Amino acid sequence: MRVSVIGLGRVGLPTAVIFASKGFQVIGIDADINKVNAINRGKCYLHEQGLDEMLKEAVNKGNLFATKDDKYISQSDVIIIAVPTPLNEGVINLSYIKDALSVAVKNAKKNVLLSIESTIPPGTMTGFIKGFIETHGFTIDEDLFLVYSPERIAPGRAVEELLKTPRIIGGIGDKSIKRALEVYGKINPNIYVTDAVTAELVKLIENTYRDINIAYANLLALISEKIGVDVYEAIRLANTHPRVNIHLPGAGVGGPCLTKDPYMLASVVDGIKGIELILLARRINEYMPKHTVSLVLRALRENEISEKEAKIAILGAAYKGDVDDARESPSKYIIGELLEQGLNMQVYDPYTTESFGAYRSNTLEDALNNSDIILIVTDHKVFKELNWKWVASIVRRRIIVDGRRIVEPHIAIKHGFKYYGIGYGGSFKI
Ligand code: SAJ
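Predicted model only: the values in this text are computed from it and were never measured. (Residues numbered from 1 in each chain as written. Predicted model: local features only at pLDDT ≥ 70, side-chain atom pairs only at ≥ 80, totals over all residues. Heavy atoms only, no water.)

Draft legend 1. Main features of the overall build of the protein chain. Scanning the protein chain for helices and strands turns up 16 helices and 16 strands. Compactness check: the protein chain gives a C-alpha radius of gyration of 24 Å against a globular reference of 22 Å for 430 residues, within 12% of the reference. Taken along its principal axes, the extent of the C-alpha atoms in the protein chain is 70 × 50 × 40 Å. When contacts within the protein chain are restricted to residue pairs at least 6 apart in sequence, those whose partners lie at least 24 apart make up 72%. For the protein chain, the accessible area works out to roughly 19300 Å², and carbon and sulfur atoms hold 53% of it. (Helix = DSSP H or I, 4+ residues; strand = E, 2+ residues; numbered from the N terminus. Rg over C-alpha atoms; globule rule 2.2 N^0.38 Å. Contact = heavy atoms within 4.5 Å. Areas by Shrake-Rupley, 256 points an atom, 1.4 Å probe, with all protein chains shown as cover.)

Draft legend 2. A look at the sheet that holds strand β16 (residues 418-421). Taken together, the six strands give an open sheet; going across it, the order is β13-β12-β11-β14-β15-β16, and neighbouring strands pair in parallel fashion. Each edge of the sheet is formed by a strand with only one pairing partner; in this case those strands are β13 (359-360) and β16. (Pairing = 2+ DSSP bridges.)

Draft legend 3. View of the site of the ligand. What surrounds the ligand is a group of 20 residues, the closest being Glu151, Lys203, Arg210, Cys257 and Tyr319. Between the ligand and Gly254 there is a distance of 2.8 Å, counted from an oxygen atom to a backbone nitrogen or oxygen. Note that an oxygen atom of the ligand is positioned 3.4 Å from one of the side-chain N or O atoms of Arg404. Protein chains shield 87% of the accessible area of the ligand, which is 770 Å² for the free molecule. For the shell around the ligand, the leading source of residues is helix α8 (residues 196-227), giving five residues. Broken down by class, the residue content of the shell around the ligand amounts to eight nonpolar, four polar and eight charged. (Near = heavy atom within 4 Å. Polar contact = N/O pair within 3.5 Å; in protein donor to acceptor, adjacent residues only side chain to side chain. Nonpolar A, V, L, I, M, F, W, Y, C, P; charged D, E, K, R; others polar.)

Draft legend 4. Geometry of the pattern of salt bridges. Applying the stated rule across the entire model yields 25 salt bridges. Among the ionic pairs, Arg10 bridges to Asp325, the shortest N-O distance being 3.2 Å. With Arg10 in the loop between β1 (2-6) and α1 (12-21) and Asp325 in the loop between β11 (311-315) and α12 (330-340), the pair connects residues that are 315 residues apart, well separated along the chain. For Arg10, a relative accessible area of 22% puts it in the partly exposed group. For Asp325, a relative accessible area of 3% translates into the label buried. Of the charged contacts, one joins Lys175 and Glu142 as a salt bridge, the two residues approaching to 3.3 Å between their closest N and O atoms. Of this pair, Lys175 sits in helix α7 (residues 174-184) while Glu142 sits in the loop between α5 (125-135) and β8 (144-148), and the two are 33 residues apart along the sequence. The class for Lys175 is partly exposed, based on a relative accessible area of 42%. (Salt bridge = Lys/Arg side-chain N within 4 Å of Asp/Glu carboxyl O. Buried < 20%, exposed > 50% of the residue type's maximum accessible area, 1.4 Å probe, protein only.)

Draft legend 5. Looking closely at the sheet that holds strand β10 (residues 191-195). Sheet architecture is open: eight strands sit in the order β3-β2-β1-β4-β7-β8-β9-β10, paired in mixed fashion. With one partner strand each, in any of the chains shown, β3 (64-67) and β10 form the two edges of the open sheet. Ignoring which end each strand starts from, the neighbouring axes of this sheet average 25 degrees apart. In this sheet, strand β2 (residues 25-29) lies alongside β1 in parallel orientation, the contact comprising five bridges. Considered in β2, the bridge of Val3 is made with Val26. Packing of α5 onto the sheet brings it into contact with β7 (112-116) and β8, and relative to β8 it is tilted by some 155 degrees. (Axes fitted to C-alpha atoms, helices over the stretch in contact; angles between N-to-C directions.)

Below, the structure written as structure tokens:
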């Protein structure tokens, strides 16, 4: 079976590689010639566990070929669309989907299975997408099979999650669902079937659930700081209750999904009472980078460090731990704000070269050397495993502002550091 994947990004590329690894003949289509060339040389441009090897093998075996040329789509039995659907000033931009759909229907042969994996507002499949395809001469569920199957992978764990995380398939007809089960069943047997609009909604409510849960945790962090409690201790204990699962507070909620999907959900219908819940959660999470900056300024003030002479080591530019992705990262706001205050910073991230306009250190040591404050923004494993005795020996002043609560306060204090942390109102006393 031949599969075309349109969009070789963080979802499309792992998807193309997984299908190729299962013996499908996969054509990956992308407008970026650098990505196309790298893939055809067997090079993976993503930092994804296990993907490098699988990609190399798929290319060597001749199962995966990348191209800019959409004419190859005409040979496909399956077309998967995995292009971005960004939010531009509150309005969802479906232009990449439109372009991909045009290319797909222009080239598709009869009886093709078309699967949309990009995040879209509920109703898009049965409305715009179905209408667009029909105006191009196809009859859905007769000579073109159409499903919505949202991607649900966490960056960094794409391979594992594509193979194991349950897949949702929302069909536009029985035959479409049957075809999609045959195809996706070959890569992941764990499939739930529903209608397209439910599948569209499922994608949005998963990410919004997480965003609202994190907002609650962040609110608890702000309260705890005021009343002298360590929120991590409080959440850890609350979560021992069998029906409680509070997420973790932190320096902010980044990435391309949680920062966007709640807005998409909130804009589905007008006039619903209580929709503010979703927007308020976003506001709390969007406030956390600002709060992190205020902790840095407090640390400067309390330790009588002048803003002119301070050197701040920023650990992490990626939006979350162990990924190379800096899109919508809390670091962006934090660094921007500290730059505006005229502060001198050295940013270090082992996985991304992004430094949001601040000076970038090539090594951790370079960033930490002679610094006055260490600000942890990303929970990379390498930062969690830092040897604080060593760190204490190379910094100028021993102060930590922990935006991800990856350092145990008592360990920091043991090594002579002053410890400031999100939600850290003081250590618990018995
Ligand atoms: N974060 C917290 N506290 C937490 C957990 C996360 O502050 O307790 C922060 C992270 O640091 C990060 C942001 O939230 O900045 C988002 O991280 P994430 O791990 O929650 O999610 P993403 O954006 O990497 O991936 C999500 C996933 N959705 C869910 O877990 C419901 C993934 O399965 C989706 O495929 C992906 O969005 C997507 O593409 O929609």
